[in-house]
Amino acid sequence: MSIISRGFGGRRREPSPDLPPGQYLAHDFPVLSAGPTPRIPLDRWHFSIVTETGEKHTWNWAEFTALPAEEFTVDIHCVTKWSKLGTSWKGVSLDTLFEDVETAGDYAMAHSYGGYTTNVPLEDLLDGKAWIAYEYDGEPLHPEHGGPARLLIPHLYFWKSAKWVDGLRMMHEDEPGFWEDAGYHMYGDPWREQRYHGD
Ligand SMILES: Nc1nc2c(c(=O)[nH]1)N[C@H]1C(S)=C(S)[C@@H](COP(=O)(O)O)O[C@H]1N2
Ligand SMILES: [Mo]
């Protein structure tokens, strides 16, 4: 698939089997942030998974980047209707991070430096479906796009991919995060156009 020829002639709203309903192709990489971009020095960065019993698993930057990483290419879909096909990332699979975590919680709340939150079922984080990404297009992830590291859950609307992520908190019940509390869908499947509550 050639992204370049696809966009030639400016036929941005041409239907494509790779585009979920209502989406169009973006050829740049828009920045969507609800607040200022936090700057996290790598020597103070950490990522934690906290279980519903309070057990905490933490990685600092050296520990995190020493974990086996994957390079992967995925399509991303923002609820404001732009999609980007074939984006290339490097990151650590959530399967790797959950290897030694014992949890009975079916849901996770992702937390970010700066206070952003978003909820996601645990099963949507596992089985090769989600990563903590720290490179985009072969370069360290730019701060505007969530660097040092962001959650990436490409099969859900992109607001679920928390930038500047600093941890996951396991929960027994599903609870709304930042955008979900403001009326966006609790799950956010782009193929079913789950944009808002009630969709
Ligand atoms: N911490 C944090 N993560 C966030 C956001 C945010 O405002 N803060 N915006 C979300 C939304 S709505 C989208 S579409 C994507 C945008 O990512 P980008 O700026 O890299 O395109 O990040 C998501 N993750
Ligand atoms: Mo978004």
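Along each chain, numbering runs from 1 in the same order as the chain's sequence is written. Naming scheme: in the order in which they are written, chains are lettered from A and ligands are numbered from 1. Given that this is a predicted model, residues contribute local features only at a pLDDT of at least 70 and side-chain atom pairs are listed and counted only at 80 or more, while totals for whole chains, interfaces and linings are drawn from all residues. The side-chain figures draw on all heavy atoms in the structure; neither hydrogens nor water molecules are used.

- The name given to the protein chain in an unreviewed UniProt entry is Molybdopterin-binding protein, with the source organism recorded as Actinoplanes utahensis.

**So, the overall build of the protein chain**
Now for step 1: Helices and strands together make up the secondary structure of the protein chain, namely 4 helices and 11 strands.
Now for step 2: Atoms counted for the radius of gyration: C-alpha only. Globule rule: 2.2 Å times residue count to the power 0.38. In summary, the protein chain has a C-alpha radius of gyration of 17 Å against a globular reference of 16 Å for 199 residues, a match within 12%.
Now for step 3: Referenced to the eigenvectors of the C-alpha coordinate spread, the extents of the protein chain come out at roughly 55 × 40 × 30 Å.
Now for step 4: Exposure categories follow from relative accessible area, calculated using a 1.4 Å probe and restricted to protein chains: below 20% of the type maximum is buried, above 50% is exposed, and the middle band is partly exposed. In the protein chain, buried positions account for 48% of the 199 residues.
Now for step 5: Put simply, 65% of the contacts in the protein chain that link residues at least 6 apart link residues at least 24 apart.
Now for step 6: When the accessible surface of the protein chain is split by element, carbon and sulfur atoms take 50% of a total near 9900 Å². Secondary structure elements are taken from DSSP: a helix is a run of H or I of four residues or more, a strand is a run of E of two residues or more, and numbering for both begins at the N terminus. In what follows, a contact means two residues having at least one pair of non-hydrogen atoms within 4.5 Å. Note on areas: Shrake-Rupley, 1.4 Å probe, and residue coverage restricted to the protein chains presented here.

**Focus on the site of ligand 1**
Now for step 1: Of all residues adjacent to ligand 1, which total 19 residues, the nearest are Pro30, Ala34, His145, Arg150 and Lys163.
Now for step 2: In the model, an oxygen atom of ligand 1 is placed 2.9 Å from a nitrogen or oxygen of the Leu32 main chain.
Now for step 3: Coverage of ligand 1 by the protein amounts to 97% of the 530 Å² it exposes when considered alone.
Now for step 4: For this scheme, ten residues count as nonpolar: Ala, Val, Leu, Ile, Met, Phe, Trp, Tyr, Cys and Pro. Four count as charged, namely Asp, Glu, Lys and Arg, and the remainder, Gly too, count as polar. Within the shell around ligand 1, the residues separate by chemical class into 12 nonpolar, 4 polar and 3 charged. If a single non-hydrogen atom of a residue is within 4 Å of a molecule or strand, that residue counts as near it. As used in this structure description, the phrase polar contact means that two N or O atoms lie within 3.5 Å; if the pair is within protein, one of them must be able to donate a hydrogen and the other to accept it, and residues adjacent in sequence are counted only when both atoms belong to side chains.

**Observations regarding the side chain of Glu180**
Now for step 1: Mapping Glu180 onto the fold places it in helix α4 (residues 178-181).
Now for step 2: Here Thr118 takes part through its side chain, which lies 2.7 Å from a polar atom of the side chain of Glu180.
Now for step 3: For Glu180, the contacting residues outside a window of four places in its chain are Thr117, Thr118, Asn119, Trp159, Lys160, His185, Met186 and His197.

**Considering the sheet that holds strand β7 (residues 117-121)**
Now for step 1: Taking strand neighbours across the sheet as the criterion, the 5 strands line up as β3-β2-β11-β6-β7 in an open arrangement whose pairing is mixed. This sheet does not close on itself; its edge strands, each paired only once, are β3 (56-60) and β7. Pairs of neighbouring strands in the sheet enclose a mean axial angle of 15°, with direction left out of account.
Now for step 2: Pairing between strand β6 (residues 107-112) and β7: 5 bridges, direction antiparallel. Each bridged residue has a counterpart across the sheet, and for Met109 the counterpart in β7 is Asn119. One requirement defines pairing of two strands: DSSP has to find at least two bridges between them. Only C-alpha atoms enter the line fits that serve as axes; for helices the fit covers just the stretch in contact. Angles between N-to-C directions range over 0 to 180 degrees.

**Quick word on the pattern of salt bridges**
Now for step 1: The term salt bridge refers to a side-chain nitrogen of Lys or Arg lying within 4 Å of a carboxyl oxygen of Asp or Glu. All told, the structure shown has 4 salt bridges when counted by the stated rule.
Now for step 2: For Asp189, the salt bridge is made with Arg192, and the minimal N-O distance between the two is 2.9 Å.
Now for step 3: By relative accessible area, Asp189 is classed as buried at 12%.

**What about the nonpolar core?**
Now for step 1: Buried Ala, Val, Leu, Ile, Met, Phe, Trp, Tyr and Cys residues that are joined via side-chain atoms within 4.5 Å together make up what is termed a nonpolar core. Counting residues in hydrophobic clusters, the biggest one holds 35 residues, and the most contacted among them are Phe64 and Leu125.
Now for step 2: Taken together, the elements giving at least two residues each to this core come down to β2 (46-50), α2 (61-66), α3 (94-97), β6, β8 (131-136) and β11 (165-171).
Now for step 3: Ranked by residues supplied to this core, first place goes to β11 with 3 residues.
Now for step 4: In contact with Phe64, not counting residues within four places along its chain, are Trp45, Trp59, Val92, Leu97, Ile132, Tyr134 and Ala149.

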